[in-house]
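Residues per chain, in single letters:
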Amino acid sequence: MTVYFVGAGPGSADLITVRGQRLLARCGVCLYPGSLTPADLLAHCPAGARLVDTARLTLDEIVEELLRGHREGHDVVRLCSGDPSIYSAVAEQARRLDTAGVPYDVTPGVPAFAAAAAVLGKELTVPEVGQSLVITRARARSTAMPPGEDLATLGASGTTMALHLAVNRIEQVVAELLPRYGPDCPAAAVALASQPGEVVVRGTLAGIADQVREAGITRAAVIFVGRVLAAADFPDSFLYSATRERA
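Being a predicted model, the structure only gives us computed values, none of them experimental. (Residues numbered from 1 in each chain as written. Predicted model: local features only at pLDDT ≥ 70, side-chain atom pairs only at ≥ 80, totals over all residues. Heavy atoms only, no water.)

Asker: Can you help me understand the packing of aromatic side chains in this one?
Answerer: Two aromatic rings, taken as a pair, are described by how far apart their centres are and by the angle between their planes. What the rule picks out here adds up to one aromatic pair. Ring plane angle 75° and centroid distance 5.9 Å describe the contact between Phe5 and Tyr104, whose orientation is recorded as edge-to-face. With Phe5 in strand 1 (residues 3-7) and Tyr104 in strand 5 (residues 104-107), this pair connects stretches of sequence that are 99 residues apart. (Phe/Tyr/Trp six-rings, centres within 6.5 Å; stacked < 30°, edge-to-face > 60°. Helix = DSSP H or I, 4+ residues; strand = E, 2+ residues; numbered from the N terminus.)

If you want it as structure tokens, here you go:
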């Protein structure tokens, strides 16, 4: 049997992939991240499947549930909020499965930053304004950031930033990025993108912290900083240019 790490998407039940939905429909065991998983999504699991809320489990307890399902002959789905490739703790779970000799597979999902950008109606790569995106977080009660990945260093180029797990450190974010981006740089925060209770705040780097606090945003939010958020006078993409050579 196989353990399937499946990206559950940003929160809305209809933003899971077709592959992810099909895996849920045949699983014998499903581990899911507590309040971040809508009931409509778990409804895809077959009758009699064992559903395990991992919100209060330790890493060892989660892995034991994965191994138990495997030993009992079930396909096991481990739902991950957003996409498994970022901030999902898949790496340490997969490492333990490798040690145990248990096969696993990864199905991508819609990441929170992509859902938040869609809510804003913004492309994050705009011709001659911004062509790169830094996805990062702020240090809080979590593992240390590696050397060179502090916000001041990452922001040195002025590249568009998407910050996860940072809304409760918004003042720190602003303080570290202001010297790099300037107070008038466009900024935005989207909480609970695609979910009931979605909140959107748009402004500048100088004022975004106060706006976030006034809006009562405290969790499940993505912060964006970058000129692409207000880009208007930019050239059309060369990809579809009439002057581009056609093969």
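Asker: I keep staring at the side chain of Gln195 and nothing clicks. Help me out?
Answerer: Residue position: Gln195 is located in the loop between strand 8 (186-191) and strand 9 (199-204). A polar side-chain atom of Gln195 sits 2.7 Å from the main-chain carbonyl oxygen of Pro10. In this structure, Gln195 is in contact with Pro10, Gly11 and Ser12, ignoring residues within four places of it in sequence. (Polar contact = N/O pair within 3.5 Å; in protein donor to acceptor, adjacent residues only side chain to side chain. Contact = heavy atoms within 4.5 Å.)

Asker: Looking at this structure, I do not really get unusual backbone geometry. What am I missing?
Answerer: It is generally the case that most residues other than glycine have a negative phi and that most peptide bonds are trans. Of note, the phi angle at Ala89 is positive, near 65°, even though the residue is not glycine. In the Ramachandran plot, Leu165 falls in the positive-phi region, its phi being about 50° despite a non-glycine side chain. Relative to the assigned elements, Leu165 resides in the loop between strand 7 (160-164) and helix 7 (170-181).

Asker: What is the right way to read the pairing of strand 8 from this model?
Answerer: As a general feature of sheets, a regular strand has side chains that alternate between the two faces. The element strand 8 is extensively covered by neighbouring structure, given that six of its six residues are classed as buried. Judged by which residues are buried, strand 8 turns out to be covered on both faces: Pro186, Ala188 and Val190 on one side and Ala187, Ala189 and Ala191 on the other are all buried. Where strand 8 meets strand 9, six bridges bridge the pair, whose relative direction is antiparallel. In the strand pairing of strand 9, Pro186 is matched with Thr204. (Buried < 20%, exposed > 50% of the residue type's maximum accessible area, 1.4 Å probe, protein only. Pairing = 2+ DSSP bridges.)

Asker: Would you mind going over helix 3 (residues 59-71) with me for this structure?
Answerer: Turn by turn, an α-helix covers 3.6 residues, leaving residues three or four places apart pointing in a common direction. With 13 residues, helix 3 ought to run about 18 Å at 1.5 Å a step, and its terminal C-alpha atoms sit 18 Å apart, in line with that. All of the buried residues along helix 3 are Ile62, Val63, Glu65, Leu66, Leu67 and Gly69. Buried residues along helix 3 sit against strand 1, strand 2 (29-32), strand 3 (50-53), strand 4 (76-80) and helix 4 (90-100). Phi for Gly73, located one or two positions after helix 3, is positive at around 85°. (Expected span 1.5 Å × (residues − 1).)

Asker: Would you explain the domain arrangement of the protein chain in this entry?
Answerer: Often, the extent of an interface is quoted as the loss of accessible area upon association of its parts. Partitioning the protein chain into structural domains gives domain 1 (3-107) and domain 2 (112-230). Using only C-alpha atoms to locate each centre, domain 1 and domain 2 end up separated by 28 Å. Listed as interface residues are eight residues of domain 1 and, on the opposing side, twelve residues of domain 2. Where domain 1 abuts domain 2, roughly 710 Å² becomes buried across the two surfaces, and 66% of that area is made up of carbon and sulfur atoms. The interface formed by domain 1 and domain 2 contains zero salt bridges. Applying the counting rule to domain 1 against domain 2 returns three residue pairs in polar contact (both at pLDDT 80 or more). Residue composition of the side of domain 1 that touches domain 2, by class: five nonpolar, three polar and no charged. (Domains from an automatic or database assignment. Buried area = accessible area lost by both parts, 1.4 Å probe. Salt bridge = Lys/Arg side-chain N within 4 Å of Asp/Glu carboxyl O. Nonpolar A, V, L, I, M, F, W, Y, C, P; charged D, E, K, R; others polar.)

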